[in-house]
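Remarks on the overall topology
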Amino acid sequence: ASRFVWQYGPTEAPTPAPTSTPTSLFEICFSGVNTVVTKDRGVVFMKDLLLGDKILTDSKQHDVDVVYSFGHYKKDTSPREAEYLQIMPSGLEISPDHMIFVIGGSNTDNSLFPIPASKLRVGDVLSDGTAVKDIRKVRRRDAYAPFTFSGTLLVNGVLVSNYVALLSSSSGQ
C-alpha cells in the first residue's frame, strides 16, 4: 500500500530569482479613484469597495451582483505604481489589458462587445452612450480588481468585464 507524506516546505534548494522583471503585478485592475454603485451604500470609490457588496453590473437592467473576491486589492501604500488608461469624459482609470464594452464598431446592430482598453480609440462609443474624447496615461499606487459572478461591473457608469485580454497589449499582438 502506498503512503503519502505531506511536506510543508521546500524539498530542494530554492531556484534563483528570475533575471527579467515582470511587466507589472497590476495588469488587470482599476484605480481606487473610480466609483461603483452599491445597493446598500450608494456610490463608493473603488478603494472603499468591500467583499459582499452588491454592485450595479448593468445600467439598462439595473442588475446587481455580489463582489465575491478581488484579484487585486492594493491600497495606495504600495511603493510600486501601476499605469492606467484614463478614458475621458468618464474619467474611468483602467489597466490596458482589461476588457471594456463598446457599442457598434464592426457590429451593425449596435450591440455591446468587449475589447481590451488598449484598443480603445477616440470616437469609440462606450456602453453608457458617450464617445471617447481623450485617452491619457496616469500612474497610481493602488490597484483593485473586483470579481462578480456575472463577470461584469459598472465602473464610473461604464460597463467593464472582470476579465482581461489573453494577449498582452504590450506583446505586439
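Residues numbered from 1 in each chain as written. Predicted model: local features only at pLDDT ≥ 70, side-chain atom pairs only at ≥ 80, totals over all residues. Heavy atoms only, no water.

Quick look at the sheet that holds strand β6 (residues 92–94) now. Read across the open sheet, the 3 strands follow the order β6-β5-β10; overall the sheet is antiparallel. Since the sheet does not close on itself, it has two edges, and those belong to β6 and β10 (134–140), each with one partner. Pairs of neighbouring strands in the sheet enclose a mean axial angle of 30 degrees, with direction left out of account. Alignment of strand β5 (residues 82–88) against β6, held across 3 bridges, turns out to be antiparallel. By the bridge assignment, Leu 85 is partnered in β6 with Ile 94. (Pairing = 2+ DSSP bridges. Helix = DSSP H or I, 4+ residues; strand = E, 2+ residues; numbered from the N terminus. Axes fitted to C-alpha atoms, helices over the stretch in contact; angles between N-to-C directions.)

The next point concerns the pattern of salt bridges. Summed over all chains, the structure comprises 6 salt bridges. The shortest N-O distance in the salt bridge between Glu 81 and Arg 139 comes to 3.1 Å. Separated by 58 residues along the polypeptide, Glu 81 in the loop between β4 (63–74) and β5 and Arg 139 in strand β10 bring together distant segments of the chain. The class of Glu 81 is partly exposed, set by a relative accessible area of 34%. (Salt bridge = Lys/Arg side-chain N within 4 Å of Asp/Glu carboxyl O. Buried < 20%, exposed > 50% of the residue type's maximum accessible area, 1.4 Å probe, protein only.)

Scanning all chains against the criterion turns up 2 aromatic pairs. Between Tyr 68 and Phe 147, the aromatic rings sit 6.2 Å apart at their centres with planes inclined by 35 degrees, giving tilted as the arrangement. On the criterion of sequence distance, the pair formed by Tyr 68 in strand β4 and Phe 147 in strand β11 (residues 143–148) is long-range, its members being 79 residues apart. By relative accessible area, Tyr 68 is classed as partly exposed at 41%. Through successive ring pairs, a cluster of aromatic residues spans Tyr 68, Phe 147 and Phe 149. (Phe/Tyr/Trp six-rings, centres within 6.5 Å; stacked < 30°, edge-to-face > 60°.)

Next up on the list: the nonpolar core. In this structure, Leu 92, Ile 94, Ile 100 and Val 160 are the most contacted members of the largest nonpolar core, which totals 24 residues. If you list the elements that add at least two residues to this core, you get β4, β5, β6, β7 (98–103), β12 (152–155) and β13 (158–164). Sequence-distant contacts of Leu 92, that is, excluding residues within four places in its chain, are made with Phe 30, Asn 34, Leu 85, Gln 86, Ile 87, Ile 100, Val 155, Asn 156, Val 158 and Val 160. In this structure, Ala 82, Tyr 84, Val 138 and Ala 143 belong to the second largest nonpolar core, which totals 5 residues. (Core = buried A, V, L, I, M, F, W, Y, C linked by side-chain atoms within 4.5 Å. Contact = heavy atoms within 4.5 Å.)

What follows is about the side chain of Asn 34. If you trace the backbone, Asn 34 turns up in the segment before β1 (35–38). Taking the relative accessible area as the measure of exposure, Asn 34 reaches 0% and is therefore buried. Apart from the residues lying within four places of it in its own chain, the contact partners of Asn 34 are Val 44, Phe 45, Met 46, Gly 91, Leu 92, Glu 93, Val 155 and Asn 156.

Keep in mind these values describe shape, not function.
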